[in-house]
Amino acid sequence: MSTQRVIVMPKPSTASVIADDELIDTRPAGFDAGEPAPAARGAAAPAAAAMSRRRHEASALWPLLLLAAAWLAWMGYQAHLLNLDRQALKTAHAQQQQTVDNAARLRQSLDGLAADTQRLADAGNASARALVEELRKRGVTISTASAAAASAPR
């Protein structure tokens, strides 16, 4: 004995569908459920629906513009701070240059004095010999060649 099966398909929806900025009525002809048909609502309904969608689509523009403006402001502020730091470093370098020059001059005069003391020790001065020997014990080396060149331009 064979039995037949019946498949029941659902009926189409009775709601209106929005497609391509137009309202399309999908209700069967003559259907009246208390809601006016889209044509009976007037021409303002499709325009209002399209405007509401456009307004919704364009709403992401303002947050993105605000984010971009905030990012640009932050980058400008950081650039300003970096410029201030650069100027402070230049000023500090310029202020230290005089100290470095003074230290180099003092070093040259000390090298000349040490070379002169070494020459005196080589010539036989007992006090100069004792001084040079004490400096060697403390790790100070005296180079007469470089000191003589440094003391020559006086």
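This write-up is about the structure you can find in this document.

Cut-offs used in this document
- Residues numbered from 1 in each chain as written.
- Predicted model: local features only at pLDDT ≥ 70, side-chain atom pairs only at ≥ 80, totals over all residues.
- Heavy atoms only, no water.
- Helix = DSSP H or I, 4+ residues; strand = E, 2+ residues; numbered from the N terminus.
- Buried < 20%, exposed > 50% of the residue type's maximum accessible area, 1.4 Å probe, protein only.
- Areas by Shrake-Rupley, 256 points an atom, 1.4 Å probe, with all protein chains shown as cover.
- Contact = heavy atoms within 4.5 Å.
- Axes fitted to C-alpha atoms, helices over the stretch in contact; angles between N-to-C directions.
- Parallel < 35°, antiparallel > 145°, perpendicular 65-115°, else oblique.
- Left-handed = near helix turned anticlockwise from the far one by under 90°.

With respect to the overall build of the protein chain
On a plain count of helices and strands, the protein chain comes out with 5 helices and 2 strands. When its helices and strands are written in sequence order, the protein chain yields β-β-α-α-α-α-α. In the protein chain, which comprises 154 residues, the share counted as buried stands at 8%. Of the roughly 13100 Å² of accessible surface on the protein chain, a fraction of 61% belongs to carbon and sulfur atoms.

What about the side chain of Thr 117?
With respect to the element layout, Thr 117 can be found in helix 3 (residues 61-123). Classification of Thr 117 by relative accessible area gives buried; the value is 15%. When residues no more than four places from it in sequence are discounted, the contact partners of Thr 117 are Ala 128, Leu 131 and Val 132.

A few points about the packing of helix 3 against helix 4 (residues 126-137)
Interaxial distance between helix 3 and helix 4 falls to 8 Å at its minimum, and their mutual angle equals 120 degrees. By the criterion of interaxial angle, the relationship of helix 3 to helix 4 is oblique. When the axes of helix 3 and helix 4 are compared, the crossing they make is left-handed. Each of Thr 117, Gln 118, Leu 120 and Ala 121 in helix 3 lies in contact with helix 4, whose residues at this interface are Ala 128, Arg 129, Leu 131, Val 132 and Arg 136.

Any link to function would need more than the numbers given here.
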